[in-house]
Amino acid sequence: MLPLAERMRPQSLEDYIGQKHILGPDKVLSLSLIQKKIPSIIFWGPPGVGKTTLAHLIAKELNTAFFNLSAIDAGVKEVREMIAKAQSSTFFNRISPILFIDEIHRFNKGQQDALLAAVEKGVITLIGATTENPSFEINAALLSRCQVYILNPFSQAELRELIEKIIRKDELFKGKNIQVVEDQVLINLANGDGRKLCNIMDMIGNTKETTIIVNNDLVQNLVQQNIAKFDKNGELHYDIASALIKSIRGSDPNGALYWLARMIQGGESPRFIARRLVISAAEDIGLANPNALLIAQTAAQAVEFIGFPESRIILSEATIYLACSAKSNSAYTAIDEAIALVQNTGDLAVPLHLRNAPIRLMKNLDYGRDYQYAHQFKNNFIEQEYLPKEISNTTLYKPSNNPSEEKIKESLIVNWKDKYGYRE
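Source: prediction; values computed, not measured. (Residues numbered from 1 in each chain as written. Predicted model: local features only at pLDDT ≥ 70, side-chain atom pairs only at ≥ 80, totals over all residues. Heavy atoms only, no water.)

**Concerning the packing of aromatic side chains**
One pass over the structure, following the stated rule, counts seven aromatic pairs. Aromatic side chains Phe66 and Phe100 sit 6.1 Å apart centroid to centroid with 25° between the ring planes, which places their arrangement in the stacked category. Here Phe66, found in strand S2 (residues 66–70), pairs with Phe100, found in strand S3 (residues 98–102); they are 34 residues apart in sequence, far enough to count as distant. Judged by relative accessible area, which is 1%, Phe100 ranks as buried. Geometrically, the ring pair formed by Trp416 and Tyr420 is edge-to-face, given 5.5 Å between the ring centres and 70° between the ring planes. Taken as a pair, Trp416 and Tyr420 share a single burial class, namely buried. Cluster of aromatic residues (ring-pair linked, three or more members): Phe381, Tyr386, Trp416, Tyr420 and Tyr422. Sitting over the ring of Tyr420, Lys419 keeps its end group 5.3 Å from the ring centre. (Phe/Tyr/Trp six-rings, centres within 6.5 Å; stacked < 30°, edge-to-face > 60°. Helix = DSSP H or I, 4+ residues; strand = E, 2+ residues; numbered from the N terminus. Buried < 20%, exposed > 50% of the residue type's maximum accessible area, 1.4 Å probe, protein only. Lys NZ or Arg CZ within 6 Å of the ring centre and 35° of its normal.)

Listed below in structure tokens is the structure:
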């Protein structure tokens, strides 16, 4: 028997739940389908929101050929072969065949470039599905030829609509008395993901009782007993990434390596992993060891150059280095405090002595007057005010307690004395 999520896959756009912002009356995708002409598209959204289903339904609505590739398994050779198949079918279809590529963010530059000519010439209409920001993962040339549509998680109301539809239509629930008396845990665990909801409903439907009272305790117990089934399609993606980062933050290279291995074995994009390491280097290590950001960035570049499986060694080296490094989040907290200050104080005037004075009129208005050029003074420093007068003396950067930032703190005390409170 097919999985419940497959059995419940809509067979028409009328049966499709969600994404009303692009599929509702007079919305962009609806209008394109009415005109029987759609652009190449990138569907960007979290797992389980209907990206693949929508691609199939678009092809069905347009009555055109549909070709399917998974970016996990396909290389440049497979892409070219599929384009050739699509081209050979164009004779029989007025509308260009659709080439659907799931997880298109896993394609490297060469694989994406292989699609360009076919998209440009209209040999295919590309529909790509991704859980990652296309601006980072899709090369600019291909992205410029596609419309990006964001697919939203299911709302609570839409999840409840799906629950009712499953109970009403699926064979698993025929002949059973299902009473949903509580659904909050069910809704929370699904977390906007229709596939997760179907996995839970599958567990409920497979209980032996013919009368099933669905409440929070029942759902919680079923999920705890069947966690692998609940997450069988790998939606722990972000949880495992979180575990990796928290292990690095906690200075445990063993834990970090374990979660790194889980990501690699799970088929995670090396680019996704490398980007998280770069973020961790800035957020969690920061000024305690500025070399960490250089190491992480170099690792990210090397991963792009080398590719799997060898890049696992590069990711391992960077992960161990970050986990074993001194830690500081002072840069992270400092910029957040600065942004909060700007939000609370508004657009304060730039002090006159800090303003640019490219023309005489501005000089006559005292722009730049009394500014002191730091390089003309001893140790390249002269005390002057760099903040608007309304927030003078505000301390945003607070050095953390580590050898690197202790030296920074000593320098700040020498220069600024008591102005920013660094003596305390």
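**As for the pattern of salt bridges**
This structure, assessed with the given rule, holds 16 salt bridges. Between Glu120 and Arg145 there is a salt bridge, with its nearest N and O atoms 2.5 Å apart. In this pair, Glu120 sits in helix H6 (residues 109–121) while Arg145 sits in the loop between helix H8 (140–143) and strand S5 (147–150), placing the two residues 25 residues apart along the sequence. Arg249 is the salt-bridge partner of Asp284, the closest N and O atoms lying 2.7 Å from each other. Note that Asp284 is positioned in helix H16 (residues 270–285) and Arg249 in helix H14 (residues 237–249), a separation of 35 residues in sequence. Relative accessible area serves as the criterion here: at 6%, Asp284 is assigned to the buried category. Classification of Arg249 as partly exposed rests on a relative accessible area of 37%. (Salt bridge = Lys/Arg side-chain N within 4 Å of Asp/Glu carboxyl O.)

**Digging into the sheet that holds strand S1 (residues 41–44)**
The strand order across the open sheet formed by five strands is S2-S3-S4-S1-S5, and the pairing between neighbours is parallel. One side of each edge strand has no neighbouring strand; the edge strands of this open sheet are S2 and S5. Pairwise comparison of adjacent strand axes, ignoring direction, gives a mean angle of 20° for this sheet. Strand direction decides the pairing type here: S1 and strand S4 (residues 125–130), joined by four bridges, are parallel. Directly across from Phe43, in S4, lies its bridge partner Ala129. With respect to the sheet, helix H4 (residues 51–62) is in contact with S1, S2, S3 and S4, its orientation differing from that of S3 by roughly 175°. (Pairing = 2+ DSSP bridges. Axes fitted to C-alpha atoms, helices over the stretch in contact; angles between N-to-C directions. Contact = heavy atoms within 4.5 Å.)

**Some words on the packing of helix H5 (residues 76–89) against H6**
Pairs of packed helices are described in terms of their axes, by the angle between the two and the distance that separates them. Interaxial distance between H5 and H6 falls to 9 Å at its minimum, and their mutual angle equals 15°. Between H5 and H6, the angle falls in the class roughly parallel. Crossing of H5 against H6: the hand is right-handed. Here H5 contributes Val76, Val79, Arg80 and Ile83 to the contact with H6, which in turn contributes Gly110, Gln111, Ala114, Leu115 and Ala118. Grouping the constituent residues of the contact of H5 with H6 by class yields six nonpolar, two polar and one charged. (Parallel < 35°, antiparallel > 145°, perpendicular 65-115°, else oblique. Left-handed = near helix turned anticlockwise from the far one by under 90°. Nonpolar A, V, L, I, M, F, W, Y, C, P; charged D, E, K, R; others polar.)

**Brief notes about a nonpolar patch on the surface**
Taken together, the side chains of Tyr371, Tyr373 and Tyr386 define a hydrophobic patch exposed on the protein surface, amounting to about 310 Å² of accessible area. Along the chain, the position of Tyr373 falls in the loop between helix H20 (360–364) and helix H21 (403–416). (Patch = residues over 30% accessible without salt bridge, like charges linked within 9 Å, V, L, I, M, F, W, Y side chains within 5 Å. Areas by Shrake-Rupley, 256 points an atom, 1.4 Å probe, with all protein chains shown as cover.)

**A few points about the confidence of the model for the chain**
For the chain, per-residue confidence averages 87 on the pLDDT scale, and residues scoring 70 or more make up 93% of the total. Mean pLDDT across the elements of the chain bottoms out in helix H13 (residues 227–230) (59) and peaks in S1 (96). (pLDDT = per-residue confidence, 0-100.)

**A few points about the pairing of S1**
Here four bridges tie S1 to S5, and the two strands are oriented parallel to one another. When the bridges of S5 are listed, Trp44 appears paired with Ile150.

**Structural notes on the side chain of Thr125**
Its location among the elements puts Thr125 in strand S4. Using a relative accessible area of 9% as the deciding quantity, one classes Thr125 as buried. Residues within four places of Thr125 in sequence aside, it is in contact with Ile38, Pro39, Ser40, Ser96, Pro97, Ile98 and Leu99.

**Brief notes about H16**
Taking 1.5 Å per residue, 16 residues should reach 22 Å; H16 reaches 21 Å between its end C-alpha atoms and fits that length. Positive backbone phi, at 50°, marks Gly286, one or two positions downstream of H16. (Expected span 1.5 Å × (residues − 1).)

**Topic: the environment of Asp370**
Here Asp370 is to be found in the loop between H20 and H21. Residue Asp370 is classed as exposed on the basis of its relative accessible area, which comes to 63%. Taking the C-alpha atoms as reference, Asp370 lies 9.6 Å from Gln384; in sequence the two are 14 residues apart. If near-sequence neighbours (up to four positions away) are discounted, Asp370 is found in contact with His353 and Gln384.

**Notes on H5**
With 14 residues, H5 extends 20 Å between its outermost C-alpha atoms, agreeing within 8% with the 20 Å of an ideal straight helix rising 1.5 Å per residue. Turning to H5, its buried residues number three or more, namely Val79, Met82, Ile83, Ala86 and Ser89. Down the axis of H5, the smallest arc covering the buried residues is 120°, so these residues share one side. Structural note: H5 exposes Lys77, Arg80 and Ser88 on the side pointing more than 90 degrees away from its buried face. In the core, the buried residues of H5 are packed alongside S2, S3 and H6. (Arc of directions from axis to C-beta.)

**Observations concerning the packing of H16 against helix H17 (residues 291–306)**
Look at H16 against H17: their axes get within 8 Å of each other, and the N-to-C directions meet at 175°. With respect to H17, the element H16 is oriented roughly antiparallel. Taking contact as the criterion, the partners of Pro270, Arg271, Ala274, Leu277, Val278, Ala281, Ala282 and Ile285 in H16 are, on H17, Ala292, Leu293, Ala296, Gln297, Ala300, Val303 and Glu304.

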